[in-house]
Amino acid sequence: QVQLVESGGGLVQAGGSLRLSCAASGRTFSSYAMGWFRQAPGKEREFVALSWSGGNPYYVDSVKGRFTISRDNAKNTVYLQMNSLNPEDTAVYYCAAASRVKSSWRQEGGYDYWGQGTQVTVSS
């Protein structure tokens, strides 16, 4: 069982930055695929970014060049650095973990564990 706890959300003005953190329990964190998703009001949860041991990270097109996913395996933590935020980034952001990368890594079903979410609000 893996527990995920997100932090770092908040209110920021358009153009600003935030860094989200997701602390994970478990002994094999380094082998886990770690994803960030977000869900805006009235919308479905969408994939944002993926970090995995097998290669380069992946991002949804709308955040490429603005968001960066990284991880510190020694701290069992994955981060999402969000720059140049705009109101369309307002959502609850969720951290997710999978014991292995699945073909459905862009979808919720590709992950085994989820955090409780952290609210990000970007004002115009």
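Whatever comes next refers back to the structure up there.
Below or above, wherever it landed, is the structure these notes cover. From a predicted model like this one, the values you see are computed outputs, not experimental measurements. (Residues numbered from 1 in each chain as written. Predicted model: local features only at pLDDT ≥ 70, side-chain atom pairs only at ≥ 80, totals over all residues. Heavy atoms only, no water.)

**A look at the overall build of the protein chain**
As a reminder, the rule being used: Secondary structure elements follow DSSP: runs of H or I no shorter than four residues count as helices, runs of E no shorter than two count as strands, and numbering proceeds from the N terminus. Here the globule rule reads 2.2 Å times residues to the power 0.38, and the radius of gyration is calculated from C-alpha atoms. Only protein chains enter the accessibility calculation, which uses a 1.4 Å probe. A residue is then buried if its area is under 20% of the maximum for its type, exposed if over 50%, and partly exposed in between. What makes two residues a contact is simply this: any of their non-hydrogen atoms within 4.5 Å. Computed with a 1.4 Å probe, the accessible areas rest on the Shrake-Rupley method; for each residue, only the protein chains presented here act as cover. The positive count covers Lys and Arg only, the negative count covers Asp and Glu only, and His and the chain ends enter neither. A charged residue contributes its charge at one atom only: NZ of Lys, CZ of Arg, CG of Asp or CD of Glu.
Scanning the protein chain for helices and strands turns up zero helices and eleven strands. What you see in the protein chain, going N to C, is helices and strands ordered as β-β-β-β-β-β-β-β-β-β-β. A compact globule built from 124 residues should have a C-alpha radius of gyration of about 14 Å, and the protein chain, at 13 Å, falls within 12% of that. By its C-alpha atoms, the protein chain is 40 × 25 × 25 Å across when sized along the principal axes. Buried positions account for 44% of the 124 residues belonging to the protein chain. The long-range share in the protein chain, meaning contacts at least 24 apart out of those at least 6 apart in sequence, stands at 59%. Surface exposure of the protein chain reaches about 6500 Å², of which carbon and sulfur atoms provide 44%. Side chains of the protein chain give 12 positive and 9 negative charges; the mean places of these two sets differ by 6 Å.

**As for the side chain of Arg66**
The following threshold applies: Identification of polar contacts relies on pairs of N or O atoms within 3.5 Å, with a donor-acceptor requirement for protein atoms, meaning one able to donate a hydrogen and the other able to accept it, and with residues adjacent in sequence counted only if both atoms are side-chain atoms.
Considering the arrangement of structural elements, one finds Arg66 in the loop between β6 (58-59) and β7 (67-72). Accessibility expressed as a relative area gives 15% for Arg66, which makes it buried. Within the structure, Arg66 has its side chain in polar contact with the side chain of Asp89 (distance 2.8 Å). Setting aside residues no more than four positions away along its own chain, Arg66 makes contact with Gln81, Met82, Asn83, Ser84, Leu85, Asn86 and Asp89.

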